[in-house]
Amino acid sequence: MQFLLTRPPHLRPAVNVTRVMAELLVALAPATIAYIWFFGPGIIFNMAICVAVACLAEVAMLAARGRPSVAQLSDLTAVVTAVLLAFALPPLTPWWVAATGAAFAIVFAKQLYGGLGYNPFNPAMAGYVVLLISFPVEMTQWLPPAGTDLTAERPGLEATLWYVLTGQLPAPLSWDTIGGATPLDDVKTQLGLMRTVDEVRSGPLYGDFGARGWEWINNFIAIGGIWMLYRRVIRWHIPVAVLLGIIIPATAFYIADPGNHASPAFHVFSGATVLGAFFIATDPVSAATSDRGRLIYGFGIGMLTYIIRAWGGYPDGIAFAVLLMNMAVPAIDHFTVPRPYGHER
Amino acid sequence: MAGQSRLWHFHGGLELPAHKSGSTTEPLTAAPVPGVLIHPLSQHIGSPSEAIVAPGDYVKKGQPVASATGYIGSPVHAASSGTVIDVGPQPVPHPSGLSADCVVIETDGRDDPYVGYDPLINYRTLNAPALRARVRECGIVGLGGAAFPTSVKLNVGTGLKSLILNGAECEPFISCDDMLMRYRAEQIVSGAQIMLHVLEIRHCCIAIEEDKPESHQSLLKALSAAGDERIEVVRVPALYPEGGERQLIQVLTGKEVPVGGIPADIGYLCQNVGTAVAVARAVLRGEPLISRIVTVTGSGVAQPRNLEVRLGTPISHVIDACGGYTEAARYLVMGGGMMGFPLQGDQLPVIKATNCLLVASEEDIRPRSPAMPCIRCGDCATACPAQLLPQQLYWHTQSEEFDRVEDLNIYACIECGCCDLVCPSHIPLTQNFRYAKAQIWSQKRERERSDVARNRFEARNARIAAEKSERARRLAEKTRMLQTGAADPAAKKALIDEVMKRVGDKKDSSAEESGKE
Amino acid sequence: MFLAIVAIATLSAGFGLLLGFAAVRFRTEGDPVVDRIDSLLPQTQCAQCGFPGCRPYAAAIVSEGADINRCPPGGDATIRALADLLDREPKPLDPERGVVKPRAVAVIDEEVCIGCTLCIQACPVDAILGAGKLMHTVIADECTGCELCVEPCPVDCIDMIEEPVTLSTWRWPQPVDSTGGSGSPARQAG
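Because the structure is a prediction, the values reported are computed rather than measured.

1. Quick word on the overall build of chain C
When helices and strands are counted, chain C shows 6 helices and 4 strands. Each helix (α) and strand (β) of chain C, taken in turn from the N terminus, gives the series α-α-α-α-β-α-β-β-β-α. Against the compact-globule benchmark of 16 Å for 190 residues, chain C has a radius of gyration of 24 Å, which places it well outside the compact range. The long-range share in chain C, meaning contacts at least 24 apart out of those at least 6 apart in sequence, stands at 58%.

This is the structure we're talking about:
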C-alpha cells in the first residue's frame, strides 16, 4: 500500500490567523454596543466605510503585487485594521475622512511594506495619525455622551447619515448645539486655564471614576480584552505593561500635586487607554516578540501616552505612543533575546 | 534529588491530546514471525555495521548477522532462524526514503535459538567493562527513538549523581513504554539495578507522567517486591515534550544540560525504560536485541494495540497482525504525532528505533493548506522548550542568513514541533530549522574543503615557482661555467661529455616510448 | 580673503601630511579585500571564471572590477556572499561561464589510463597520484571537481562522478510551501 506524505508535526493545529482575528472582532462587540448607546449610530457607518475601503484597498494592492488576493483577504486582518480605526474615529465622521484613513492604513502602512507580517507600524494607528494631522477639525468634533444634559438635541440616524455623506449637519443642528470636546481635551484646556482638577471634574463630562460614557465603553473593551486573554488570542504582557505605564506616572503625579494632575483612574477610564492596551498595542506584527520585550514595549507605550497627555500638544497620545514604540521594536528585540536552554545565565 | 519532593518546570511545552487510550485497551501480545526479515545495517548515527553473513548462510535466532564497526556502533542480530537470501540495498525506514544495505533473511518458522551469550546471573561479580561489552555485543541501543548505542552512553566514567529512567512518554499516540511499564515492571527494575552497578552509583529515579496510573502502580509493586531502596518512582505532570531527556532532567533537577554537552556533564544519565528491559534481558538471559514493543495506532488501523514485534518485520505484516487497514488509512508515520516521520510504503522493516506506527486518516493529520505569512504573534517563542525565538530563526532561514541563525542558537532546537503546532500561520518551522541546520553543516564542510583546496593550490604554485627558479638558477650557473670554464679545458670537456650523455639518454628513452606506441 | 586662503591651505597641508603619514605608518601588506573575497570562493581552482584560479579571480574583482557572477561552482550562494561583502547588486550566474552542477569528483578508469601524466600536470590541487607510464588515480577526498583534468586526457579515461547520497550524507531539504502567499524577504529582495 502506498501512502501520502505529511510533515511533522502531524497533529492538527488548533489555531489559524483567521480564527484569531475573528475572535478579536467578537471581543470588540460589547464595546461597540456600548459605543452606540453613548455616542449614537455613527460608529456603524464608520465601520462600514472603513471595512469596505480597507478590503478594496487590500484586494487592489494584492492584485498589483501579484499575490492571491481572495485567499489573503479571508485572513480578516484588513477587517480588524479597519474596525480598530473606526473605533478611534469621532462618532460623526464624513465618509472621505474615514475612507482616507482606511486606505492609508492598508496601502501605505501595510501593503507597501510587504503586506501582512512585514509592516513595522500599526496600520490602524498610522491611518489615525494621518487623519488627525490632515483633518484636525473633523477629527476633534466629538459628541457629548448620552446621559449628560449638555445638549438638548442629538443627531438621529438620518442626521448622522446626512453628515457622513455630506460633511454638513442638517438644519437645525449645528456643532455649536450638539458638539463637545472629549474629556481629555477638556482637561487639557481647563488645566491650561489654570483651573484645578477638582473644578474640572465637577463638570458634566465626568462620571464616577473616569469620563462619563467613556468609562463604560472602556469597561466593555476591558471585558472583551479579558475574554481574549482567556481565549489566548493575546497574552497578558502588553496590556498589563501599558496600563502600568500609565498608572505609575499618573499615580506619582496625582499624589505629588493632585490639583494639577488628573487621577490615575481618570487616565485609565478615558480616551483610548483600554482600547490601546488590549486591542491596539497587542497587534503582534508591529510589537516586540519576546515576553520581556513586550513588557518594555507596553510600558513604553503607557509612559509615552501619559507624557503626551500631560505635556504634549494632543489630548490623547495612544496613537503616537504606539507608533513611536513601533520604531523602537527592532532595538527592543535585539536586546531582549531570551537565554536559550543550556546557555549560561 | 534523593527523596524527590520538588519538581521544576521547563519553558514552554504544550498540553496535547494524548490519543493513547486506543492502543492501550488490548493486552500486550507478540506479533507472529514473518516470512521475511529485513535487517538494515545502519539504524542510528555513527558507523553502519558490517555484514558477516552471505546469501545462502543459515542463521539462528539471535545470531549476529552484522558486526559493529567503530566505537559508536552496534551489531545486528537475526530476529529468527532461516536462510540469508540477500545482503544489499533495500528501502529502509528513513525520512529520505533512500535505500541502504540490509541483510534479508527468509525464516524457516523453527525459531532455532542461537547459543552464544551466557546468562550473567551473577553480574554483580563482573566489572563495568565486561557488562558494557555484553550490552554492546547484544546490540542494545536506546529504545526511546534515537537508537544511540547504550554501551557508549553507559561509558561516562564514575561520579554521576543519578540514573534517570525515562518513562515520560509524552508524544501523542505512542504508548509502547506505558505498556512496557504495565507488563514488564520487574524487568525495568532489574535493568535499573544492572545499570546502577555498571555506573557505580546509588540512586535511580524512574519518571512517569501523571496520566499513566496503571504503570505507576505496576512499578510500585515491582519495586516493593525487589525491595531496592536506591530506586524511586517520580510522577511528573504530563506536558509535551517532557520525554525529551533535557526537559526531563530540568523537571527533575532544575538544572539545564549545557549546550553542546551531555547530561553526564551535570551528573545525570538518562535511559529509556525500554532500554533498561533490553539491558536486563541481555545480561540476565543472554538475549540480544531482536524484538521490541511497537504501538500500532491511528484511525487507519482496524485494531490499534501494542505488539512485541521481531526487528526486521515488514510493516505490512505488523499491520496485518492488527486486523489490517481501515478504509480511512491515508498516511503512515513511523513515530508519534509530533516527531515521527512519514513513510511512503509499508514494505519497510521495523527497526530498533521504531516505537510507533501511526496509520492516520485525513482527519487525524494537519490539512495541507499553504502557509500564511508570519504575523509575529510570538506563540512559537512561548511554546519553545529550548527558549528560542522560532520566528526570528525562521526569518533568517528564509533570507538564508545562516550566520544569524547560528547566533540565535539553532543548535539548542530539539525539533520537537511545538512552535510548528501553535503557529496560526501554519508555517513549517521545524522543517525550516532542519533545513537551516543542514545548510549550516554543509557550509561548514564546504568551508573546510575549500581551505584544504586553497592550501594545496598554494603549495602547488609554490612548488612550481620553486622548480622554475631552480631551473633558471642552474641554467645561469651552467652558462657561467661554460664562459669561465674556457680557461680549464679538462673541466669543459667533462661538462660537454655530461651534456652529451644526457642527450643520448633522452634519445634512447624517447625511442623506447615511441616504439611502445 | 587672504586669511581664508591661508587657513584652507594650512588645513589642506596638515591633512595631507596626516594622510601621507598614515599611508606609510599603517601600510598593509597585501590586500585584505582580496583575501576576504578569496575566502568566499569555493577554491575549486577550475578557472571557469576566466582567471587562472580562485585567488586571481578575487584579485581581478578588486583591481579590474570583474563581475561577481562568474563562479559556477559557487553558484548563487557565492554570488550573494560576494554581493554582501562588496555591496554590489547580486545578479544571476553568467551563463557563458558554465552552469551550476552538483558536486562531483574525477574518477580515472584505471583499465584505460596510459600513464601520460597530463592530468597530473593539469590538476590545480595535486589530487592525482601517479608517475610516467604508471597508472594514475585520483585522491577523491582532495578532488575539487574542477574538471581541468578531463580535457587533457588523451584517452578520455576520466569521468566526473557525482557523490552519491547516503543515509549519512542526506540532509533535510528546504520545505516547499514555507512562505505561502506573501513572499519571503529573500525572494522580495531577489
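2. A closer look at the sheet that holds strand β5 (residues 64–67) of chain B
Two modes of strand pairing occur in sheets, parallel and antiparallel, and in both the strands are linked by backbone hydrogen bonds. All names here are of chain B. Pairing within the open sheet is antiparallel, and its 3 strands lie in the order β3-β5-β6. A strand with exactly one partner marks an edge of an open sheet, and here the two such strands are β3 (50–51) and β6 (76–77). Looking at chain direction, β5 and β6 are connected through 2 bridges and run antiparallel. Counted as the bridge partner of Pro64 is His77 from β6.

3. Some remarks on unusual backbone geometry
Looking along the chain, the bond that leaves Pro8 of chain A and enters Pro9 of chain A is cis, with omega of -10°. Structurally, the position occupied by Pro9 of chain A is in the segment before α1 (17–39). Along the chain, Tyr240 of chain B connects to Pro241 of chain B via a cis peptide bond; the corresponding omega equals -5°. For Pro241 of chain B, the location among the structural elements is in the loop between β11 (231–236) and α7 (245–253). Phi at Phe173 of chain B is positive, roughly 80°, even though this residue is not glycine. Take Phe173 of chain B: it is sitting in the loop between β9 (162–167) and α4 (176–183).

4. Focus on the confidence of the model for chain C
Residues and elements named next belong to chain C. In the predicted model, chain C carries a mean pLDDT of 82, and the fraction of residues at 70 or more is 91%. Between the elements of chain C, mean pLDDT differs from a low of 31, seen in helix α6 (residues 185–189), to a high of 91, seen in helix α1 (residues 2–25). In the model, residues 178–190 has pLDDT below 50 throughout and makes 33 contacts with residues more than four positions away in sequence or in other chains. ipTM for the predicted complex: 0.84, alongside a pTM of 0.84.

5. Observations regarding the packing of helix α2 (residues 42–64) of chain A against helix α4 (residues 77–88) of chain A
Helix-helix packing is characterised by the crossing angle of the two axes and by the distance between the axes. Residues and elements named next belong to chain A. Where α2 meets α4, the closest approach of the two axes is 8 Å, and the angle between their N-to-C directions is 145°. Considering the relative orientation of α2 and α4, their crossing is right-handed. Of the residues in α4, those in contact with Ile43, Asn46, Met47, Cys50, Val51, Ala54, Cys55 and Glu58 of α2 are Ala78, Val79, Thr81, Ala82, Val83, Leu85 and Ala86. A class-by-class count of the residues in the contact of α2 with α4 yields 12 nonpolar, 2 polar and 1 charged.

6. Digging into the sheet that holds strand β12 (residues 268–272) of chain B
Residue and element names in this part refer to chain B. The strand order β11-β10-β9-β12 describes an open sheet built from 4 strands, whose pairing is parallel. At either end of the open sheet lies a strand with only one pairing partner, and these are β11 and β12. Going from strand to strand, the sheet's axes swing by 25° on average, the running direction of each strand aside. Pairing geometry for strand β10 (residues 204–209) and β11, over 6 bridges, is parallel. Bridge assignment links Cys204 to a residue of β11, and that residue is Ile231. On top of the sheet, helix α8 (residues 273–284) reaches β9, β10 and β12; it is set at about 80° to β12, its chief contact.

7. Observations regarding the interface of chain A and chain B
The interface of chain A with chain B comprises 32 residues on the first partner and 51 residues on the second. Considered class by class, the residues forming the side of chain A that touches chain B number 18 nonpolar, 10 polar and 4 charged.

8. So, the pairing of β10 of chain B
Residues and elements named next belong to chain B. Summarising burial for β10: 6 of the 6 residues are buried, a large majority. Of the two faces of β10, the one holding Cys204, Ile206 and Ile208 and the one holding Cys205, Ala207 and Glu209 are both buried throughout. Where β9 lies against β10, 5 bridges are found, and the strand directions are parallel. Each residue of the ladder has a partner; that of Asn166, found in β10, is Ala207. Once the chain exits β10 it traverses helix α6 (residues 213–226) before rejoining the sheet at β11, and the crossover so formed is right-handed.

About the cut-offs
- Residues numbered from 1 in each chain as written.
- Chains lettered and ligands numbered in written order.
- Predicted model: local features only at pLDDT ≥ 70, side-chain atom pairs only at ≥ 80, totals over all residues.
- Helix = DSSP H or I, 4+ residues; strand = E, 2+ residues; numbered from the N terminus.
- Rg over C-alpha atoms; globule rule 2.2 N^0.38 Å.
- Contact = placed C-beta atoms within 7 Å.
- Pairing = 2+ DSSP bridges.
- pLDDT = per-residue confidence, 0-100.
- Axes fitted to C-alpha atoms, helices over the stretch in contact; angles between N-to-C directions.
- Left-handed = near helix turned anticlockwise from the far one by under 90°.
- Nonpolar A, V, L, I, M, F, W, Y, C, P; charged D, E, K, R; others polar.
- Buried ≥ 20, exposed ≤ 12 C-beta atoms within 10 Å, placed from the backbone.
- Right-handed = clockwise from strand over helix to strand, strands pointing away.

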